[in-house]
Amino acid sequence: MSSIVNMLCRVGQIRRCAASLSQTLNQVAASRQKHTLPDLTYDYGALEPHINAEIMQLHHSKHHATYVNNLNVTEEKYQEALAKGDVTTQVALQPALKFNGGGHINHTIFWTNLSPNGGGEPQGELMEAIKRDFGSFQKMKEKMSAATVAVQGSGWGWLGYEKESGRLRIAACANQDPLQGSTGLIPLLGIDVWEHAYYLQYKNVRPDYVKAIWNVISWENVCSQPQDLFNAQIGLPLPQG
Ligand SMILES: [Fe+2]
């Protein structure tokens, strides 16, 4: 009889432990730091005439803000599902995580790639790498512009760094698929070709927008994007062939 009582006591303890653990997990989830919309380092009108203030204001304060909000909501749901061991819900949340997480990552890079003092050409090792991998700066621009204009529907054109080969690559991603998470390339420069990025000013003429955006590209920022990797590795001896 006493062994049954002991066993019931033990079950009660386990249940209390489980309840306490669940409460702790929920508290950890609730206290997780939320993502926030990063401030721009320039005014909405600072990139005119190449990108007008109305586009910048809507793009940053509405579109990017929505990705941030929805990412936070999705992560909260994901944490709850994780705490419950609810794998079905975790799987069901993956598309929202990719879309809103990608939207936040992509736009965060994009704003810093742009500057009212941009344009021109990069200097130093990035320029050497561009010449090595594309023949010339002009050829890189042409190749990236063509790939970006050709994105079907909504998406992004990218200049990325391939760690394995030590080379620069041009890539295009659909929707908000983040470059590194989708291709493994480290993002250096992204061009957003969702219509919200240009339609109010360029209407359906995407090539004109892509042509204009080169005037506000901050090469200083592009050089510093892969802060802990590109700068360290791009200076290594150039790959042969
Ligand atoms: Fe966008």
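The name recorded for the chain in an unreviewed UniProt entry is Superoxide dismutase, from Sparus aurata. Recorded in UniProt under Catalytic activity (unreviewed entry), the annotation for the chain is "2 superoxide + 2 H(+) = H2O2 + O2".

Novice: Whenever I open this one, the side chain of Asn 221 confuses me. Can you help?
Specialist: The residue Asn 221 is located in helix H10 (residues 219-224) in this model. Taking the relative accessible area as the measure of exposure, Asn 221 reaches 15% and is therefore buried. Side-chain polar atoms of Asn 221 contact the side chain of Asn 113, separated by 2.9 Å. With residues near it in sequence (within four places) discarded, Asn 221 still touches Thr 112 and Asn 113.

Novice: Quick question: what am I supposed to make of the pairing of strand S3 (residues 186-192) here?
Specialist: If a strand is regular, its side chains alternate between the two faces of the sheet. Of all 7 residues making up S3, 7 are buried, and the element is well covered by its neighbours. Inspection of the sheet shows strand S1 (residues 155-162) paired to S3 by 6 bridges, in the antiparallel sense. Each residue of the ladder has a partner; that of Gly 160, found in S3, is Pro 187.

Novice: Looking at this model, I keep getting lost on the coordination of the iron ion. Mind explaining?
Specialist: Binding of the iron ion to the protein goes through His 59 (NE2), His 107 (NE2), Asp 192 (OD) and His 196 (NE2), at separations of 1.9 to 2.1 Å. Around the iron ion, the 4 donor atoms sit at angles spanning 90 to 134°, and that spread fits a shape best called tetrahedral. Here the donor residues of the iron ion are spaced in sequence according to H-x47-H-x84-D-x3-H. Remark: His 196 occurs in the loop between S3 and helix H8 (199-202) and His 107 occurs in helix H4 (residues 94-113); sequence separation between them is 89 residues. We note that His 107, like His 196, is buried.

Novice: It is not clear to me how unusual backbone geometry should be interpreted in this structure. Could you clarify?
Specialist: In terms of backbone geometry, most residues other than glycine have negative phi values and most peptide bonds are trans. Cis geometry is adopted by the peptide bond preceding Pro 49, which originates at Glu 48 and carries an omega value of 10°. The topology assignment puts Pro 49 in the loop between helix H1 (2-31) and helix H2 (53-84). Positive phi values are uncommon outside glycine, yet Asn 175 reaches one of about 55°. Tracing the backbone through its elements, the reader meets Asn 175 in the loop between strand S2 (167-174) and helix H7 (179-183). A residue is classified by how much of its surface remains accessible, and Asn 175, at 39% relative accessible area, is partly exposed. Although it is not a glycine, Lys 203 adopts a positive phi angle of roughly 50°. Tracing the chain through its elements places Lys 203 in the loop between H8 and helix H9 (206-213).

Calculation notes
Residues numbered from 1 in each chain as written. Predicted model: local features only at pLDDT ≥ 70, side-chain atom pairs only at ≥ 80, totals over all residues. Heavy atoms only, no water. UniProt positions renumbered as here; feature names shortened; annotations may be inferred. Helix = DSSP H or I, 4+ residues; strand = E, 2+ residues; numbered from the N terminus. Buried < 20%, exposed > 50% of the residue type's maximum accessible area, 1.4 Å probe, protein only. Polar contact = N/O pair within 3.5 Å; in protein donor to acceptor, adjacent residues only side chain to side chain. Contact = heavy atoms within 4.5 Å. Pairing = 2+ DSSP bridges. Donors = N, O, S within 2.8 Å, 3.2 Å for Na, K, Ca; no water. Tetrahedral: all angles 85-135°; square planar, octahedral: opposite > 155°, others 65-115°.

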